[in-house]
Amino acid sequence: MKMRLLGIAVIGIVLASGCSKERKVSFKTYPVKVTITQKGQPLADADVRLHPLDANARGAQGKTDSSGVAVMKTFGEGGAIAEGAMAGKYKVLVSKVLVPKTPEGADYDKLQAEQATADPYASAPKPLLPPKYNNWQETPFECEVKEGGPNEFSFDIPE
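Since the structure is predicted, the reported quantities are computational estimates derived from the model, not experimental observations.

K.L.:
Hey, could you run me through the environment of Gly79 in this one?
P.N.:
Inspection of the secondary structure assignment puts Gly79 in the loop between strand E6 (73-75) and strand E7 (81-83). For Gly79, a relative accessible area of 48% translates into the label partly exposed. With 55 residues separating them along the chain, Gly79 and Lys24 place their C-alpha atoms 9.0 Å apart.

K.L.:
Can you walk me through the side chain of Thr74 in this structure?
P.N.:
Within the secondary structure layout, Thr74 lies in strand E6. Only 2.7 Å separates the side chain of Thr74 from the backbone oxygen of Gly84, close enough to count as a polar contact. Setting aside chain neighbours within four positions, we find Thr74 in contact with Phe27, Thr29, Arg58, Gly59, Ala60, Ala80, Ile81, Ala82, Gly84, Ala85 and Met86.

K.L.:
Could you clarify how one ought to interpret unusual backbone geometry in this entry?
P.N.:
In terms of backbone geometry, most residues other than glycine have negative phi values and most peptide bonds are trans. Put simply, Gly149 and Pro150 share a cis peptide bond, and its omega is -10 degrees. Of note, Pro150 is situated in the loop between strand E11 (142-145) and strand E12 (152-157). The backbone phi angle of Lys39 is positive, close to 55 degrees, even though this residue is not glycine. Topologically, Lys39 is positioned in the loop between strand E1 (33-38) and strand E2 (41-42). Not every positive phi belongs to a glycine, and Asp45 is a case in point at roughly 60 degrees. Looking at the secondary structure, you find Asp45 in the loop between E2 and strand E3 (47-52).

K.L.:
Is there a simple way to think about the pattern of salt bridges in this case?
P.N.:
If the charged atoms of two oppositely charged side chains come close together, the side chains can form a pair. As enumerated under the stated definition, the model contains five salt bridges in all. For the salt bridge of Lys73 with Glu83, the shortest nitrogen-to-oxygen distance reads 4.0 Å. Taken together, the residues Lys73 in strand E6 and Glu83 in strand E7 connect sequence positions 10 residues apart. The partly exposed category is assigned to Glu83, whose relative accessible area is 48%. Notably, a salt bridge pairs Glu159 with Lys132, separated by 3.4 Å at the nearest N-O pair. Taken together, the residues Glu159 in the segment after E12 and Lys132 in the loop between strand E10 (126-127) and E11 connect sequence positions 27 residues apart. Judged by its relative accessible area of 39%, Glu159 is partly exposed.

Analysis parameters
- Residues numbered from 1 in each chain as written.
- Predicted model: local features only at pLDDT ≥ 70, side-chain atom pairs only at ≥ 80, totals over all residues.
- Heavy atoms only, no water.
- Helix = DSSP H or I, 4+ residues; strand = E, 2+ residues; numbered from the N terminus.
- Buried < 20%, exposed > 50% of the residue type's maximum accessible area, 1.4 Å probe, protein only.
- Polar contact = N/O pair within 3.5 Å; in protein donor to acceptor, adjacent residues only side chain to side chain.
- Contact = heavy atoms within 4.5 Å.
- Salt bridge = Lys/Arg side-chain N within 4 Å of Asp/Glu carboxyl O.

Laid out in structure tokens, this is it:
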């Protein structure tokens, strides 16, 4: 019994130490902020992605805050996250969807079943921006992240 407990303790220590390692990326990133407005007003809660035009680069992403600013992050191997984006040219993609909320205390499965019979698309997220802004081939927004910075970009969605 003591050996079994000792084995479990050793496994727990090994797992805990493996999970606490700081994950680092193998590439260099530079701080990037992207400000998104719609008709001149800050666009909050929008997803912003940088789609690299260089095949060797990685994309970056962020979410706008109440002032329309997204701080970009790049994901690396093994779940590592780096602040900023790699140097290079990008298409800037912006999307925002309205996700219908479930009333507090409601049975989610029952509500979904009822909505599906009435309107199968009622619970689907609804895009709030024209789709061209979320398509790397159609978006008019581009930026270039440079080693020397400053890498602060602003874009306005006029519609």
